[in-house]
Amino acid sequence: MDIQLSKDNGILTIHFNREEKKNAITAAMYQQLADALKEAETDSAVRAILFTGKPQAFSAGNDLEDFLKNPPSAKEAPVFQFLWQISHASKPIVAAVSGVAVGIGTTLLLHCDLVYAADNAKFSLPFAQLGLCPEAASSLLLPHVAGYQRAAEKLLLGEAFAAAEALEMGIVNRVLPLEELLPFAQKQAAKLAALPANSIRVTKQLMKKNRVAATEQQMAAEIEHFARMLTGPEAKEAFTAFFEKRKPDFRQFA
């Protein structure tokens, strides 16, 4: 299974398990993720959620080949269902990030409550490089977390950055040696699962209350632009260049 789900001691672990593709996410995987989060909302046995990947890859982002075969053109698309579920999750979400975290592999972290990174983690947000715009309300949330200039550098240039910088920006809570990452994240999730569930949910709701409407509006605006840009000439050039393993040439476009 490309997405492995397990429940133990109140923790739902969502494990990206497509190592041969660096955990690149397909439409089918997004649907599994969306369904798992939706079910977790009403499952009293789930008191905390933990996202994890492989040592060398949390997620390489969208599987571009699958992405082009199944372009998300409406809000009902699996990727947008997943984004809605993670952005509205009432239960605490912990992420353990190691290796590459590209695109949505980074933006989903902005909806988590606790994020821990291995010292080999490398983050990137290459939306503009692909002729696209940000998603997951990252154009709102990243400036809020990191400040406008830091966010602009990451979203406009799309260049990769290391775990130490992600910590400095406020995207992650702590950086740990790779071998310590998952045990530590599991321990933190277990702490959350052991606390009064209602207290945790209400505290999370209160902290996010002032940003819920803005996040929904920003995500809707991003979806509209994203769907239009996905079929545009710049994205076509970017994707063609990617598959042809060459540098894209955007000089012909205004």
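Definitions and cut-offs
Residues numbered from 1 in each chain as written. Predicted model: local features only at pLDDT ≥ 70, side-chain atom pairs only at ≥ 80, totals over all residues. Heavy atoms only, no water. Helix = DSSP H or I, 4+ residues; strand = E, 2+ residues; numbered from the N terminus. Rg over C-alpha atoms; globule rule 2.2 N^0.38 Å. Buried < 20%, exposed > 50% of the residue type's maximum accessible area, 1.4 Å probe, protein only. Contact = heavy atoms within 4.5 Å. Pairing = 2+ DSSP bridges. Right-handed = clockwise from strand over helix to strand, strands pointing away. Salt bridge = Lys/Arg side-chain N within 4 Å of Asp/Glu carboxyl O. Phe/Tyr/Trp six-rings, centres within 6.5 Å; stacked < 30°, edge-to-face > 60°.

Explain the overall build of the protein chain to me, please; I cannot follow it from the model alone.
Along the protein chain, the regular secondary structure elements total 11 helices and 10 strands. Relative to a compact globule of 254 residues, whose C-alpha radius of gyration would be 18 Å, the protein chain shows 18 Å and is just as compact. On the principal axes, the C-alpha backbone points of the protein chain span a range of 60 × 40 × 35 Å. Looking at the 254 residues of the protein chain, the share that counts as buried comes to 50%. Residue pairs in contact within the protein chain that sit at least 24 positions apart in sequence constitute 70% of those at least 6 positions apart.

Explanation requested: the pairing of strand S3 (residues 48-52) in the structure shown.
In the case of a regular strand, side chains alternate between the two sheet surfaces. Most of S3 is tucked away, with five of its five residues classed as buried. Every second residue of S3 is oriented toward a common face, with Ala-48, Leu-50 and Thr-52 on one face and Ile-49 and Phe-51 on the other, all of them buried. As paired elements, strand S2 (residues 11-16) and S3 share five bridges and run parallel to each other. Within the sheet, the bridge partner assigned to Ile-14 lies in S3 and is Phe-51. In this fold, the crossover linking S2 to S3 by way of helix H1 (residues 27-42) has right-handed handedness. Across four bridges, the pairing between S3 and strand S5 (residues 93-97) is parallel. Bridging from a neighbouring strand, Ile-49 pairs with Ile-93 of S5.

What exactly am I supposed to notice about the pattern of salt bridges here?
Should their charged atoms come close, side chains of opposite charge can pair. All chains considered together, the criterion is met by 11 salt bridges. A salt bridge links Glu-165 to Lys-154; its shortest N-O distance comes to 2.8 Å. Of the two residues, Glu-165 sits in helix H7 (residues 163-169) while Lys-154 sits in helix H6 (residues 148-157), which places them 11 residues apart along the sequence. Here Glu-165 falls in the partly exposed class, since its relative accessible area comes to 23%. The network of salt bridges with shared partners includes Arg-150, Glu-153, Lys-154, Glu-165 and Glu-168.

I keep staring at the packing of aromatic side chains and nothing clicks. Help me out?
How two aromatic rings sit relative to each other is set out by the distance from centre to centre and by the angle between their planes. Tallied over the entire structure, the rule returns eight aromatic pairs. Taking the centre distance of 5.3 Å and the plane angle of 85 degrees together, the rings of Phe-16 and Phe-58 count as edge-to-face. Of the two residues, Phe-16 is situated in strand S2 and Phe-58 in strand S4 (residues 57-59); the sequence distance between them amounts to 42 residues. Summarising the burial analysis for this pair, Phe-16 and Phe-58 share the class buried.

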